[in-house]
Amino acid sequence: MKNIFKFLFILFLGVICCACVNTVAVHELNQKASKYLEEGNLDAAIARLEASVDLDANVYESRYNLASAYIGAGKCESALEHINVAVELKAKEPVVHYTRGVAAQCVADNIIKKHEDGS
């Protein structure tokens, strides 16, 4: 019985440590992405933010920033996908609704452009 408690305690500590490591890694990736966004390096920012979302898909800032970077890169459908998740995570945040509108407009503009080009 004593060994079971030791095992469960070690298992519990492992889970807590992993959660802490993920939180730190997500924060570091978001910080690096912010620097890249400031520099205008959208591809590098997107790569860091995608990695951040892979580590923890429920971090609002990662989803919001990834959607914004995708809008800047003209990848409207991807932006809309991520901003919709951000809206689910923080529905009372006005900026996510505005950004969702911008992403939807971007998608619409691309559809119109393809139609006008005859594609």
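In this report, the structure presented in the accompanying data block is examined.

What counts as what
Residues numbered from 1 in each chain as written. Predicted model: local features only at pLDDT ≥ 70, side-chain atom pairs only at ≥ 80, totals over all residues. Heavy atoms only, no water. Helix = DSSP H or I, 4+ residues; strand = E, 2+ residues; numbered from the N terminus. Expected span 1.5 Å × (residues − 1). Contact = heavy atoms within 4.5 Å. Polar contact = N/O pair within 3.5 Å; in protein donor to acceptor, adjacent residues only side chain to side chain. Core = buried A, V, L, I, M, F, W, Y, C linked by side-chain atoms within 4.5 Å. Buried < 20%, exposed > 50% of the residue type's maximum accessible area, 1.4 Å probe, protein only. Disulfide = S-S within 2.5 Å.

What to know about helix α5 (residues 94-117)
Note on helix geometry: an α-helix contains 3.6 residues per turn, so any two residues three or four positions apart are oriented the same way. Relative to the 34 Å expected for 24 residues at 1.5 Å per residue, α5 spans 35 Å between its end C-alpha atoms, a close match to the ideal helical length. Those residues of α5 hidden inside the fold are in contact with α3 (60-73) and α4 (76-89). With its phi angle positive at about 80°, G118 sits one or two positions after the end of α5.

As for the side chain of S62
For S62, the location among the structural elements is in helix α3. A distance of 3.0 Å separates polar atoms of two side chains, one belonging to S62 and the other to N30.

Brief notes about the nonpolar core
The biggest cluster of nonpolar side chains holds 17 residues, and the ones touching the most others in it are Y64, L66, I83, A86 and V96. Put simply, the parts of the chain that give this core at least two residues each are α2 (42-55), α3, α4 and α5. The element best represented in this core is α3, accounting for six residues. When neighbours within four sequence positions are excluded, I83 is seen to be in contact with Y64, A67, V96, T99, R100 and A103.

As for the state of the cysteines
Evaluated as defined, the whole model comprises one disulfide. Each sulfur in the disulfide pair C76 and C106 lies 1.7 Å from the other. Within this pair, whereas C76 is found in helix α4, its partner C106 is found in helix α5, the two being separated by 30 residues in sequence. C106 carries the same exposure label as C76, and that label is buried.

Don't take any of this as a statement about function, it's just geometry.
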